[in-house]
Amino acid sequence: FQTDHVKSFDAVVVGAGFSGLYMLYRLREAGFSTRAYEAGDGVGGVWYWNRYPGARCDSESIYYNYTFSKELYQEWTWTSKFPEQPEILRYLNFVADKFDLRQDIQFKTRIIGAHYDGATNRWLIHMDDGTDVSAKYFITGVGCLSAANVPNFKGLDQFEGEWYHTGHWPQKKVDFKGKRVGIIGTGSSGVQAIPAIAKEADDLIVFQRTPQYTVPARNHPYDPGFIDRTKGNYNVIKQQMRESLSGIPEALRDRSALEDTAEQRQQVYEAAWGKGGFAFPLAYKDLTFNEEANKSAADFIRARIREVIHDPEVAEKLLPTYYYGTKRPIFDTHYYETYNRENVRLVDVRKASIEEITNKGLRTTKAEYNLDTIIFATGYDGMTGPLFKIDIRGRNGVILKEKWANGEQVRTYLGITTADFPNLFMITGPESPSVLVNMPTAIEQHVEWITDCMTYLRNHGLETIEAKVEAEEAWSKHCKEVADATLYPKTDSWYTGANISGKPRGFMIYLGGFNRYSQICNEVAAKDYEGFSLLSTQKTTLR
Ligand code: NA7
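Okay, so let's go over this structure. (Residues numbered from 1 in each chain as written. Predicted model: local features only at pLDDT ≥ 70, side-chain atom pairs only at ≥ 80, totals over all residues. Heavy atoms only, no water.)

1. Comments concerning the sheet that holds strand β14 (residues 361-364)
Taken in spatial order, the three strands line up as β13-β14-β15 in an open sheet, and their pairing is antiparallel. Of all the strands in the sheet, the pair left with one neighbour each is β13 (354-357) and β15 (368-370). Here the strands of the sheet are splayed against their neighbours by 20 degrees on average, with no regard to which way each runs. Sheet topology note: the β14/β15 ladder contains three bridges and is antiparallel. Paired with Gly-361 across the bridge in β15 is Asn-370. (Pairing = 2+ DSSP bridges. Helix = DSSP H or I, 4+ residues; strand = E, 2+ residues; numbered from the N terminus. Axes fitted to C-alpha atoms, helices over the stretch in contact; angles between N-to-C directions.)

Right under this line is the structure:
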């Protein structure tokens, strides 16, 4: 295909969320001409779209931000421990303004295709407005949880009320006053939205498939003294985050649950429950490895649910049975208590599955529910879903979606690159540790590694970098081995692809820890990009 008649850049970046914004900034600083394309009409990525009531991050504010700029860290002040969606969106707008990023972002434009041309070593990139651009590098900052999953229920098009997916919430305020609202899904989004909507709606009916473990967030406003000390500690915090297991300095306790007596464990769990947030999942080092340790945490939460819920039948429906922590841990604000409200009902759709959406509401195999509004808190086609929304074709027309559909899992090298797709970088791609890491920390590491790599190629007169098949096979195998030593793959979740019907099952996250992962990436770079084929302008493979 022709690339000479279209606008051309060194790099095209997909998305203007945490990833896209920092990638743009970094490449501009390094002297690469770069353009980002964003489907929304503003920056923010998932924080632009997730405007549902109660939407909040469950990483602590002082860590859920960039650390690349000391000045930025000093200038921005978070108001509470767990940041609400509007505040995060304000932060990202602040970043875009401070670094003057909007001039290089084209909004309201979705990239629908990116095809690699082996003759010119360039990517030809197609937009939904019909235009094309070309770039030497194609970099995805599409997020891991941005392709909404609206289950294919029969009859949705006949529904006469309003319906929304939490991840595509409208900009207008959705009014629940006087409404009979149904919500499907009790993952992180449902658990946040349910208490907030229950306060407003006349009736809220929760359609639950899998009961979840959630622990109190214990959110609270930050006091100014704490914020001042944090800002003063910038260098230490930044270093701790980057050297940590999960991008937050909070440490996993170096003790097995089985080393303690039952009474000691009870005390530890009670203290963690009282502290809130990550204190509980990090209470012992073996909760996601050892069945017995896991059961002790799960039993504690189940006992709490029985204590909190007034109606024993409702409590029974809310008791989770899967291994604690093997679905994404959830932090809540009065989630379980919400089921004691008179206007909230819980329907177990495992016992009576959803048959169809009717024009007036929803029908299960046992009953019909009249609803004014239906909310889909039904999650995402995680990690691969956002990439597959773009028709990405590599060398000789290899289609990414087809390449990854054939195996039992995706194959990447370091979660950033994949063989047959030269000069394609995926920020927080599958098989990186990102979704189990404080996301901005994971993003900074990826963006900096990618920028350094591109700078290396430029400095060495190299045209392309491409993962070797054997390197990606080894990485995928390593990811699987690390995961198989844990309880994670034993649970159906979006981590394994089990939440999307027809999706190949496989564990798509590197579980070896963020610090270990960064070290591996650095070692690969230090060994002149070991595991990659590097091609010079003369088209000789260097290695
Ligand atoms: P999740 O965590 O994937 O939760 C989705 C919820 O929707 C979960 O309870 C699902 O039940 C339920 N679901 C999905 N499909 C259906 C159908 N067809 N019928 C009934 N119930 C269904 O998504 P969230 O948006 O809450 O959170 C995603 C991530 O965002 C979260 O992990 C954080 O990282 C931030 P299931 O458990 O599959 O039985």
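Back to the text.
2. With respect to the packing of helix α8 (residues 262-275) against helix α9 (residues 291-308)
The description of two helices packed together rests on the angle between their axes and the distance between the axes. The contact between α8 and α9 brings their axes to 11 Å, and the two run at 60 degrees. The angle between the axes of α8 and α9 places the two elements in the oblique class. Read as a crossing pair, α8 and α9 show a hand that is right-handed. Contacts from Arg-265, Gln-266, Tyr-269, Glu-270 and Trp-273 of α8 reach α9 at Ala-293, Ser-296, Ala-297, Phe-300, Ile-301 and Arg-304. In the contact of α8 with α9, the residues fall into six nonpolar, two polar and three charged. (Parallel < 35°, antiparallel > 145°, perpendicular 65-115°, else oblique. Left-handed = near helix turned anticlockwise from the far one by under 90°. Contact = heavy atoms within 4.5 Å. Nonpolar A, V, L, I, M, F, W, Y, C, P; charged D, E, K, R; others polar.)

3. A closer look at the sheet that holds strand β12 (residues 344-348)
Hydrogen bonds between backbone groups are what pair the strands of a sheet, and the pairing can be parallel or antiparallel. Taking strand neighbours across the sheet as the criterion, the five strands line up as β7-β16-β8-β9-β12 in an open arrangement whose pairing is parallel. Each of the sheet's edge strands pairs with one partner strand only, and the pair in question is β7 (162-165) and β12. Ignoring which end each strand starts from, the neighbouring axes of this sheet average 15 degrees apart. With four bridges connecting them, β7 and strand β16 (residues 373-376) associate as parallel partners. Of the residues in β16, the one forming a bridge with His-165 is Phe-376.

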